[in-house]
Amino acid sequence: MPPLSPYSPPPTSLSIAQILASARTHLTRLTPAAAAAELAQYHSHLQSQPPSQTPPPPPVLLIDIRPAAQRATEGYIAGATVIERNVLEWRLDPRSDARLEAAGGRYDARAIVICQEGYTSSLAARELQRLGLARATDVEGGYLNFRQCIKALQAVAYTPM
């Protein structure tokens, strides 16, 4: 057998397009409006329930995985939990000593991951599912789509006198 060219993919390798498509088959991706609605419903439910409710409802978190420089340049998402991509699994794995308390150490937490354009977030959400967070998903189109939808909603809601 002749040696493989360094420019030919190894026989068992996958392209990033194949990896992304495979990850997305496991996700029920959310539109920006659906993600915002889930967060609003969760926070409304928290405010209406007595603090002694046992057990508390599963947490719903919008997880912004964009790097600090990108957030500083492009903008922040009010109410999002910032966890950069390189530490995401450690912060959300209920078994990890480095986990965030915001997720409550719960496997039923709803992690809604958002990145800049909606590609990296799909891969990240799938990895969270593999950790046991079966309800993890991401936002279609990422922050760029989210920002446009918020601007459109604000424009519709604004009625000059």
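Residues numbered from 1 in each chain as written. Predicted model: local features only at pLDDT ≥ 70, side-chain atom pairs only at ≥ 80, totals over all residues. Heavy atoms only, no water.

A. Main features of a nonpolar patch on the surface. Together, Leu14, Ile16 and Ile19 line one region of the surface with nonpolar side chains, adding up to about 300 Å² of accessible area. Mapped onto the fold, Ile16 is located in helix 1 (residues 16-24). According to the relative accessible area criterion, Ile16 is exposed, its value standing at 59%. (Patch = residues over 30% accessible without salt bridge, like charges linked within 9 Å, V, L, I, M, F, W, Y side chains within 5 Å. Areas by Shrake-Rupley, 256 points an atom, 1.4 Å probe, with all protein chains shown as cover. Salt bridge = Lys/Arg side-chain N within 4 Å of Asp/Glu carboxyl O. Helix = DSSP H or I, 4+ residues; strand = E, 2+ residues; numbered from the N terminus. Buried < 20%, exposed > 50% of the residue type's maximum accessible area, 1.4 Å probe, protein only.)

B. Examining empty space enclosed by the protein more closely. In total, this model carries one cavity of 30 Å³ or more according to the counting rule given. When its volume is computed, the largest cavity comes out at roughly 30 Å³. Lining the largest cavity are Leu61, Leu92, Ala103, Arg106, Ala109, Ala111 and Leu133. Of the residues assigned to the lining of the largest cavity, the class counts are six nonpolar, no polar and one charged. (1 Å grid on protein atoms, 1.4 Å probe; cavity = no way out; pocket = protein on both sides within 12 Å on 5 of 7 lines; lining within 4 Å. Points joined across faces, edges and corners; volume = space filled by probe spheres on them. Nonpolar A, V, L, I, M, F, W, Y, C, P; charged D, E, K, R; others polar.)

C. Representation of the pattern of salt bridges in the model. Under the definition given, this model contains nine salt bridges. Among the salt bridges present, the one from Asp64 reaches Arg66, with a minimum N-O distance of 2.8 Å. Residue Arg66 is classed as buried on the basis of its relative accessible area of 1%. Two residues, Arg95 and Asp93, come together in a salt bridge whose shortest N-O distance is 3.4 Å. What makes Asp93 buried here is its relative accessible area of 13%.

Read these as spatial facts, not as claims about activity.
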